[in-house]
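# Topology and contacts: notes
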Amino acid sequence: MHELSICQSMLRVVDGAMKAHEGSKLLRIFADVGRGSTVEPQLLREAFDVLVTGGPYEGAELVINDIPLAGRCRSCGRAFEYREIALGCPACGSASVDIESGLELSVRELEIDD
Ligand SMILES: [Zn+2]
């Protein structure tokens, strides 16, 4: 389950940010998770619950911003959203496509009580 190690890296980012707010309580973590990032939001949530239980962030909520995978065709210029990872423009069939969003995997914001 690679979500566990991804969640561990996310929590290291959180640790770094929380050092500047010593003594504050972490309420929420807002994370951007693109649909093309290979991370399953449900599994990330489960990993988060396991990792924060008994620790300083117990009770904090993980808020996942689910970002659709979107691309643009280099041949016809059509912008579109992928329902799933698939290569090729739905309009002209060209395989020359730029991914514009949906690969994100990052901690965007923390909500803390100080
Ligand atoms: Zn096209």
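Here, the structure is the one placed above.
Residues numbered from 1 in each chain as written. Predicted model: local features only at pLDDT ≥ 70, side-chain atom pairs only at ≥ 80, totals over all residues. Heavy atoms only, no water.

## Topic: the overall build of the protein
Within the protein, the regular secondary structure consists of two helices and six strands. Beginning at the N terminus, the succession of helices and strands in the protein can be written as α-β-α-β-β-β-β-β. Against the 2.2 N^0.38 benchmark of 13 Å for 114 residues, the protein shows a C-alpha radius of gyration of 17 Å, more extended than a compact globule. Its C-alpha atoms give the protein principal-axis dimensions of about 55 × 25 × 15 Å. Residues counted as buried form 33% of the 114 residues belonging to the protein. Look at the contacts in the protein between residues 6 or more apart in sequence, and 69% of them connect residues 24 or more apart. For the protein, the accessible surface area stands at approximately 6,800 Å², while carbon and sulfur atoms represent 49% of it. (Helix = DSSP H or I, 4+ residues; strand = E, 2+ residues; numbered from the N terminus. Rg over C-alpha atoms; globule rule 2.2 N^0.38 Å. Buried < 20%, exposed > 50% of the residue type's maximum accessible area, 1.4 Å probe, protein only. Contact = heavy atoms within 4.5 Å. Areas by Shrake-Rupley, 256 points an atom, 1.4 Å probe, with all protein chains shown as cover.)

## Here's the deal with the coordination of the zinc ion
The protein atoms that coordinate the zinc ion are Cys-73 (SG), Cys-76 (SG), Cys-89 (SG) and Cys-92 (SG), at distances of 2.3 to 2.4 Å. Donor residues for the zinc ion sit on one chain with the sequence pattern C-x2-C-x12-C-x2-C. Judged by relative accessible area, which is 5%, Cys-89 ranks as buried. (Donors = N, O, S within 2.8 Å, 3.2 Å for Na, K, Ca; no water.)

## A short note on the nonpolar core
Core analysis: the biggest nonpolar cluster contains 19 residues, and Leu-11, Leu-26, Ile-29, Leu-44, Phe-48, Tyr-57 and Leu-62 have the highest contact counts within it. Secondary-structure elements contributing two or more residues to this core are α1 (2–19), β1 (25–34), α2 (41–52) and β2 (61–67). No other element matches α1, which puts six residues into this core. Residues in contact with Leu-26, not counting those within four places in the same chain, are Val-14, Met-18, Tyr-57, Ala-60, Leu-110, Glu-111 and Ile-112. Grouped together as the second largest cluster of nonpolar side chains are six residues, Leu-69, Phe-80, Cys-89 and Val-97 included. (Core = buried A, V, L, I, M, F, W, Y, C linked by side-chain atoms within 4.5 Å.)

## Quick word on the layout of surface pockets
Quantified by volume, the largest pocket comes out at close to 150 Å³. Forming the boundary of the largest pocket are Asp-15, Met-18, Lys-19, His-21, Glu-22, Gly-23, Ser-24, Pro-56 and Tyr-57. (1 Å grid on protein atoms, 1.4 Å probe; cavity = no way out; pocket = protein on both sides within 12 Å on 5 of 7 lines; lining within 4 Å. Points joined across faces, edges and corners; volume = space filled by probe spheres on them.)

On their own, these measurements won't tell you what the molecule is for.
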